[in-house]
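Coordinate analysis (summary)
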Amino acid sequence: MSPPRSPWAGAAPGTDHADLGALLARVAVGDRAAFDAMYDRVAAPVFGTVRNVVRDPGLTEEVTQEVFVEVWRAASRFDASKGSPMAWVATIAHRRAVDRDRRAASPMIAYDDVAETVEDNLDRERVRRCLGTLTELQREAVTLAYYGGHTYREVAGLLGVPAGTVSTRMRDGLIRLRDCLGAGR
């Protein structure tokens, strides 16, 4: 993108908006020469609008370029009955600049938080996989005790088996889980 030139260069006095509207209509059908002429007329005000919001020179240039890409793509949506062509372009510029400024100001997620979340998800998946290696009776007992928060006696009552059987199922199931989880690391 070349630096902005004079905002209304070459426009006849009193015909700026009409000329710009006509240029946008031609841009809407892919006329590159019309886009160049439109760019010459609005580049400086667009750049100024973006700079006033974004403040960072590098980002200002980037956002200004995004504005002109959007103008190129969306020129067919310009409706002269809703406002002037310059107001339409300036609105696009302002919205893009505000969006970029908000993204730049939003707090970044700390790498440690992301890494910890990923690790937790992987651990949960590994536990699920290892629970799948248990017999159905072991899985029921372990799940009721550890995820359901039940005591051995409560698990025995829920499963309708003696407490000693639950104790054995839990011990065998936890040994298998330990072996499975230890092998997965």
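In what follows, the structure referred to is the one given above.
These lines cover the structure that appears in this document, whether it is placed above or below. Not measured: the values here are computed from a predicted model.

Section: the overall build of the protein chain
- When helices and strands are tallied, the protein chain shows eight helices and zero strands.
- When the helices and strands of the protein chain are listed from N to C terminus, the series reads α-α-α-α-α-α-α-α.
- Taken over 185 residues, the protein chain has a buried fraction of 29%.
- The contacts in the protein chain between residues at least 6 apart in sequence include a share of 65% that link residues at least 24 apart.
- For the protein chain, the computed accessible surface area is about 11,600 Å², with 54% contributed by carbon and sulfur atoms.

Focus: unusual backbone geometry
- For arginine 55, which is not glycine, the phi torsion reads 75° and is therefore positive.
- Position of arginine 55 among the secondary structure elements: in the loop between helix H2 (32-54) and helix H3 (57-74).
- Classification of arginine 55 by relative accessible area gives exposed; the value is 62%.

Overview of the packing of H2 against helix H4 (residues 85-105)
- Interaxial distance between H2 and H4 falls to 9 Å at its minimum, and their mutual angle equals 30°. Comparing their axes, H4 and H2 come out roughly parallel. Between H2 and H4 lies a crossing whose hand is right-handed. Contact with H2, carried on its side by Val42, Pro45, Val46, Thr49, Val50, Val53 and Val54, involves Met86, Val89, Ala90, Ala93, His94, Ala97, Val98 and Asp101 of H4 and no other residues of that element.
- Classifying every residue of the contact of H2 with H4 gives 12 nonpolar, two polar and one charged.

Regarding the state of the cysteines
- Scanning all chains against the criterion turns up one disulfide.
- There is a disulfide in this structure between cysteine 130 and cysteine 180, and the S-S distance comes to 2.0 Å. On the sign convention where negative is left-handed, the bridge of cysteine 130 and cysteine 180, at about -75° about the S-S bond, is left-handed. Residue cysteine 130 is found in helix H5 (residues 111-131), and its partner cysteine 180 is found in helix H8 (residues 163-183); the two are separated by 50 residues along the sequence. For the pair formed by cysteine 130 and cysteine 180, the shared burial category is buried.

As for the pattern of salt bridges
- Under the counting rule described, the total for this entry stands at 10 salt bridges.
- A salt bridge links glutamate 70 to arginine 96; the nearest nitrogen and oxygen atoms lie 2.7 Å apart. Of this pair, glutamate 70 sits in helix H3 while arginine 96 sits in helix H4; the two residues are 26 residues apart in sequence, bridging distant segments of the chain.
- Exposure remark for glutamate 70: the relative accessible area of 22% places this residue in the partly exposed category.
- Classification of arginine 96 by relative accessible area gives partly exposed; the value is 28%.
- Salt bridges linked by common partners bring Glu62, Glu66, Glu70, Arg96 and Arg100 together as one network.

Focus: the environment of leucine 137
- For leucine 137, the position within the fold is in helix H6 (residues 136-147).
- According to the relative accessible area criterion, leucine 137 is partly exposed, its value standing at 43%.

Points about the packing of H2 against H3
- In contact at an axis separation of 9 Å, H2 and H3 are set at 140° when each is read in the N-to-C sense. When the interaxial angle is binned, H2 and H3 end up oblique. Crossing of H2 over H3 shows right-handed handedness. Contacts from Arg32, Phe35, Met38, Tyr39, Val42, Ala43, Val46, Phe47, Val50, Arg51 and Val54 in H2 reach Leu59, Thr60, Glu61, Val63, Thr64, Val67, Phe68, Val71 and Trp72 in H3.
- For the contact of H2 with H3, the residue count by class is 15 nonpolar, two polar and three charged.

Definitions and cut-offs
- Residues numbered from 1 in each chain as written.
- Predicted model: local features only at pLDDT ≥ 70, side-chain atom pairs only at ≥ 80, totals over all residues.
- Heavy atoms only, no water.
- Helix = DSSP H or I, 4+ residues; strand = E, 2+ residues; numbered from the N terminus.
- Buried < 20%, exposed > 50% of the residue type's maximum accessible area, 1.4 Å probe, protein only.
- Contact = heavy atoms within 4.5 Å.
- Areas by Shrake-Rupley, 256 points an atom, 1.4 Å probe, with all protein chains shown as cover.
- Axes fitted to C-alpha atoms, helices over the stretch in contact; angles between N-to-C directions.
- Parallel < 35°, antiparallel > 145°, perpendicular 65-115°, else oblique.
- Left-handed = near helix turned anticlockwise from the far one by under 90°.
- Nonpolar A, V, L, I, M, F, W, Y, C, P; charged D, E, K, R; others polar.
- Disulfide = S-S within 2.5 Å.
- Salt bridge = Lys/Arg side-chain N within 4 Å of Asp/Glu carboxyl O.

Read these as geometric descriptors, not functional statements.
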